[in-house]
Amino acid sequence: MSMNEMETNGRDTVRVFVTGLCDGLPDLREALGKHPEIELVGSSDNVLEGASTLTGGHLQVVLHATRSATLPANDVAAIREYTKAPVILLASGGSPSLLEDALDADIADVLLLPQLTDNVVFSIKKACHTGRKQQASGGGRQGRLVTVFSPKGGTGKTVLSTNISASLAKHWGKRALLLDLDLQFGDAAIMLGIEPEKTIYDLVTAPGELDSEKLAGYTTRHACGLDVLPAPLRPEDAELVTEAKLARLLEVARESYDVIVVDTSPFFHGPMLATLDRTDELLLLTSLDVPTIKNVRLSLQTLELLSFPQDRIKVVLNRANSKVGMQRKEVESALELGVRYEIPSDRAVPLAVNRGNPAVLADGKSEFSRSVRELAKSLVTAQTVAKERKKFLAALARA
Ligand SMILES: Nc1ncnc2c1ncn2[C@@H]1O[C@H](COP(=O)(O)OP(=O)(O)OP(=O)(O)O)[C@@H](O)[C@H]1O
Ligand SMILES: [Mg+2]
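Residues numbered from 1 in each chain as written. Chains lettered and ligands numbered in written order. Predicted model: local features only at pLDDT ≥ 70, side-chain atom pairs only at ≥ 80, totals over all residues. Heavy atoms only, no water.

### Side note on the overall build of the protein chain
- Within the protein chain, the secondary structure is distributed over 17 helices and 13 strands.
- Against the 2.2 N^0.38 benchmark of 21 Å for 399 residues, the protein chain shows a C-alpha radius of gyration of 23 Å, consistent with a compact globule.
- Its C-alpha atoms put the protein chain at 70 × 50 × 45 Å along the principal axes.
- Expressed as a percentage of the 399 residues in the protein chain, the buried residues total 50%. (Helix = DSSP H or I, 4+ residues; strand = E, 2+ residues; numbered from the N terminus. Rg over C-alpha atoms; globule rule 2.2 N^0.38 Å. Buried < 20%, exposed > 50% of the residue type's maximum accessible area, 1.4 Å probe, protein only.)

Structure representation (structure tokens):
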């Protein structure tokens, strides 16, 4: 039996830290403090104040209490910054979608207070056990790679990739990285209103092996929690981002992030092929515009030649509500493929672009924002499904 296993067996206790506030929490905290199977390491009303214990406390489970009826994605993301320990959410009431959203965000359990202390302890022990097993099986994340592509300029690749990744970080509690692979004229950073000190060029030309720590030194954090690795500042530096460098970068990024969203240029080039090789979901953008549809059709043929799996391609119709004498079904019959997501044309978008703040953050109520949030949510759900499938296959292999 390993030391790790002994720690939670028999009389040994589970090291727990409590963050946040909700009705019924003080009583529960007191009861847990006295419970023989729990070692209550400490608590803090807000996550930031608990940062040092969260980071260095060798915690096995974090309980986070919330008064919100919806997923407190910011708090969850902040906790994940500090510790890999499983998180259990405590709430005094919840919206119907709270449990589902929480499970999608990899929350171990959701408990509505009041609860019998023994029920809470049972849930803590279960979360601790699962957390330990995950760490033993390599523990590492296997971030999902989402590539946003269109063979035409101006179809909304950068608008969508910035907004989707911002929503994943802000609304769905994901550790998300936006990678700007429009290497010559990338403008993801400007659309997000950030002024990065370092870009992908600095990262790939820096000496030494690339690992997660090094990657973290070159990304820029947006206020919504999203990390961004911008395109080189000068077009002539693009060619130093080679296919091999990018392949390694993506491997490292998948260990550090839940989701990596890649913005692209309208071409198939070496680094783009390296990205496609690792892409879990390709959002192929089109609009109600004949030349764009023609080129999207050609791209589908190229993707087939490259043996890119068709089930990973999701057609996104941007500016779907434009009155331009063409309809969704005409796009679908031209592409011989269904449209998976529709994104409306919305004045909120150019307004937000010019202010350097993604519409999904600046104007959350707009039609555009609503559809982007839904799209981001379905990526999160797809990630959960993919993980479950992997677990199931691993269990089959062991049987
Ligand atoms: N759904 C939308 N509603 C309104 N305006 C939009 C929408 N999508 C994109 N736009 C507008 O179109 C412009 C071009 O979009 P964007 O820069 O994202 O295209 P792109 O595909 O990244 O282009 P490029 O290939 O040149 O990088 C944006 O500045 C934005 O104002
Ligand atoms: Mg762009």
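We are not done yet, so read on.
### Describing unusual backbone geometry
- Between L113 and P114 the backbone carries a cis peptide bond, its omega angle lying at 0°.
- Within the secondary structure, P114 is located in the loop between strand 5 (109-112) and helix 6 (117-136).
- A positive phi angle, close to 60°, is found at D106, a residue other than glycine.
- On the secondary structure map, D106 appears in the loop between helix 5 (98-104) and strand 5.
- The backbone phi angle of E336 is positive, close to 55°, even though this residue is not glycine.
- Of note, E336 is situated in the loop between helix 14 (328-335) and strand 13 (339-343).

### Comments concerning the site of ligand 1
- Lining the immediate environment of ligand 1, one finds 19 residues, of which G154, K157, T158, V159 and R319 sit closest.
- Here an oxygen atom of ligand 1 sits 2.8 Å away from a polar atom, N or O, in the main chain of G154.
- In the model, an oxygen atom of ligand 1 is placed 3.0 Å from a nitrogen or oxygen of the G156 main chain.
- In isolation ligand 1 has 630 Å² of accessible area, and contact with the protein removes 80% of it. (Near = heavy atom within 4 Å. Polar contact = N/O pair within 3.5 Å; in protein donor to acceptor, adjacent residues only side chain to side chain. Areas by Shrake-Rupley, 256 points an atom, 1.4 Å probe, with all protein chains shown as cover.)

### Considerations on the pattern of salt bridges
- This model, assessed by the stated rule, comprises 20 salt bridges.
- E81 is paired through a salt bridge with R175; the nearest N and O atoms lie 3.6 Å apart. Of this pair, E81 sits in helix 4 (residues 73-82) while R175 sits in the loop between helix 7 (157-170) and strand 7 (176-181), and the two are 94 residues apart along the sequence.
- E281 is the salt-bridge partner of K314, the closest N and O atoms lying 2.9 Å from each other. Placement of K314 in strand 12 (residues 313-318) and of E281 in strand 11 (residues 281-286) is noted, with a sequence separation of 33 residues between them. Pair check on accessibility: K314 and E281 agree, each one buried.
- Salt bridges linked by common partners bring E81, R175, R221 and D227 together as one network. (Salt bridge = Lys/Arg side-chain N within 4 Å of Asp/Glu carboxyl O.)

### Here we look at the nonpolar core
- Ranked by size, the top nonpolar core spans 36 residues in total, and within it L160, I164, L168, L226, L283 and F368 carry the most contacts.
- Every residue in contact with I164, bar those within four places of it in the chain, is listed here: L283, V372, L375, A376 and L379.
- Formed by 24 residues, the second largest nonpolar core is a distinct cluster that contains L181, I200, Y218 and L250. (Core = buried A, V, L, I, M, F, W, Y, C linked by side-chain atoms within 4.5 Å. Contact = heavy atoms within 4.5 Å.)

### With respect to the packing of aromatic side chains
- For the structure shown, the criterion picks out one aromatic pair.
- Geometrically, the ring pair formed by F149 and F268 is tilted, given 5.0 Å between the ring centres and 35° between the ring planes. Taken as a pair, F149 in strand 6 (residues 144-149) and F268 in the loop between strand 10 (259-264) and helix 12 (270-278) lie far apart in primary sequence, 119 residues in all.
- Owing to a relative accessible area of 29%, F268 belongs among the partly exposed residues under this scheme.
- Sitting over the face of the ring of Y257, R175 holds its NZ or CZ atom 5.4 Å from the ring centroid. (Phe/Tyr/Trp six-rings, centres within 6.5 Å; stacked < 30°, edge-to-face > 60°. Lys NZ or Arg CZ within 6 Å of the ring centre and 35° of its normal.)

### Describing a nonpolar patch on the surface
- A contiguous nonpolar patch, built from F392, L393 and L396 and spanning about 330 Å² of accessible area, is present on the exposed surface.
- Examined against the element boundaries, L396 turns out to sit in helix 17 (residues 367-398). (Patch = residues over 30% accessible without salt bridge, like charges linked within 9 Å, V, L, I, M, F, W, Y side chains within 5 Å.)

### Brief notes about the packing of helix 13 (residues 290-305) against helix 14
- Close contact between helix 13 and helix 14 brings their axes to 9 Å; oriented N to C, the two are set at 35°. As helix 13 runs across helix 14, the sense of the crossing is right-handed. Across the interface between the two elements, I293, V296, R297 and L300 from helix 13 touch V331, A334 and L335 from helix 14. (Axes fitted to C-alpha atoms, helices over the stretch in contact; angles between N-to-C directions. Left-handed = near helix turned anticlockwise from the far one by under 90°.)

### Here we look at the sheet that holds strand 3 (residues 61-66)
- On the basis of which strands lie adjacent, the open sheet formed by five strands has the order 2-1-3-4-5 and parallel pairing. Since the sheet does not close on itself, it has two edges, and those belong to strand 2 (38-44) and strand 5, each with one partner. The mean angle between the axes of side-by-side strands here comes to 25°, regardless of whether they run parallel or antiparallel.
- Across four bridges, strand 4 (residues 87-91) lies against strand 5 in parallel orientation. Of the residues in strand 5, the one forming a bridge with L89 is V110.
- With respect to the sheet, helix 2 (residues 25-34) is in contact with strand 1 (14-20), strand 2, strand 3 and strand 4, its orientation differing from that of strand 2 by roughly 145°.
- Taken strand by strand, helix 4 contacts strand 1, strand 3 and strand 4, and its axis lies near 160° from that of strand 3. (Pairing = 2+ DSSP bridges.)

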